[in-house]
Amino acid sequence: MRYPGGVETAVFPNDALSADADPLPPSEGHCLVCGQANTLGIRLRFHRLRDLDGRPVGVRSETAVPAHLQGFDGLLHGGVIAALLDDAMWWAVYARHGVITVTADMQLRFRRPIPITMQLRLEGIAAERRRIYAAAGRILDPEGQVLAEASARFVASPDLTIRFGP
């Protein structure tokens, strides 16, 4: 599959992926999703995902989103779902390529309503390196059903700096 202009998209493999035991160094900033300094945020920590050959291809994280981020009563807000997927894909690009990027565009599909505080698994994968970085993300319930999924393109942003913790 390709975006207009010939940019490849990232596709989750059919083969099993394994997650590293230790998480990647966390963001020390105030990001709503991964910033460890944001006391009202989600504070996700991501683990690098590897393919069957041990190559890094993306990231995985698990969380139950706090109730103050709901939309309709009892449901996770759609904007928060988008933010979770954006972060998972950003971290996938960073984990695979080690480059700081910003989101150029994102396509999102909501498959099922997500109950607030449900235990969720987020996964993001990145395609091979190009001038534009393609990634895919998904949110799964405890049984492995896809609740939301996205694809995005990211561009390098060398002027940005991110503080990572230990």
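In this report, the structure presented in the accompanying data block is examined. What you see is a predicted model, and the numbers here were worked out from it, not measured in a lab. (Residues numbered from 1 in each chain as written. Predicted model: local features only at pLDDT ≥ 70, side-chain atom pairs only at ≥ 80, totals over all residues. Heavy atoms only, no water.)

Observations regarding the nonpolar core
In step 1: In terms of nonpolar packing, the biggest core is built from 36 residues, with Val 65, Leu 76, Leu 84, Leu 120, Ile 139 and Phe 154 touching the most fellow members.
In step 2: Going through the elements one at a time, α1 (78-97), β5 (119-126), β6 (133-140) and β7 (146-156) are the ones with two or more residues in this core.
In step 3: In terms of residue count, α1 provides more of this core than any other element does, eleven residues in total.
In step 4: Apart from the residues lying within four places of it in its own chain, the contact partners of Ile 139 are Ile 81, Leu 84, Leu 85, Ile 114, Leu 120, Arg 121, Leu 122, Gln 145, Val 146, Leu 147 and Ala 148.
In step 5: Counting residues in each nonpolar core, the second largest holds nine residues, with Ala 10, Phe 12, Leu 17 and Ala 134 among its members. (Core = buried A, V, L, I, M, F, W, Y, C linked by side-chain atoms within 4.5 Å. Buried < 20%, exposed > 50% of the residue type's maximum accessible area, 1.4 Å probe, protein only. Helix = DSSP H or I, 4+ residues; strand = E, 2+ residues; numbered from the N terminus. Contact = heavy atoms within 4.5 Å.)

Things to note about a nonpolar patch on the surface
In step 1: On the surface, a cluster of nonpolar side chains totalling about 200 Å² of accessible area is made up of Val 102, Val 155 and Leu 160.
In step 2: If you trace the backbone, Leu 160 turns up in the segment after β7.
In step 3: You can call Leu 160 partly exposed: its relative accessible area is 42%. (Patch = residues over 30% accessible without salt bridge, like charges linked within 9 Å, V, L, I, M, F, W, Y side chains within 5 Å. Areas by Shrake-Rupley, 256 points an atom, 1.4 Å probe, with all protein chains shown as cover. Salt bridge = Lys/Arg side-chain N within 4 Å of Asp/Glu carboxyl O.)

Brief notes about the pattern of salt bridges
In step 1: Per the counting criterion, the structure on display carries nine salt bridges.
In step 2: Put simply, Glu 128 and Arg 96 hold a salt bridge, and the shortest N to O gap is 2.5 Å. Taken as a pair, Glu 128 in the loop between β5 and β6 and Arg 96 in helix α1 lie far apart in primary sequence, 32 residues in all.
In step 3: On the basis of relative accessibility, which here comes to 24%, the residue Arg 96 falls in the partly exposed class.

Remarks on the packing of aromatic side chains
In step 1: For the structure shown, the criterion picks out six aromatic pairs.
In step 2: Relative to Phe 164, the ring of Tyr 94 has its centre 5.1 Å away and its plane inclined at 25 degrees; by these criteria the two rings are stacked. On the criterion of sequence distance, the pair formed by Tyr 94 in helix α1 and Phe 164 in the segment after β7 is long-range, its members being 70 residues apart.
In step 3: For Phe 164, a relative accessible area of 28% corresponds to the partly exposed category. (Phe/Tyr/Trp six-rings, centres within 6.5 Å; stacked < 30°, edge-to-face > 60°.)

Quick look at the sheet that holds strand β3 (residues 56-64)
In step 1: Strand order across the open sheet formed by seven strands is β1-β2-β3-β5-β6-β7-β4, with antiparallel pairing between neighbours. Among the strands making up the open sheet, the edge pair consists of β1 (18-19) and β4 (101-110).
In step 2: Pairing of β6 with β7 involves eight bridges; the strand directions are antiparallel. Looking at β7, one finds that Tyr 133 is bridged to Phe 154. (Pairing = 2+ DSSP bridges.)

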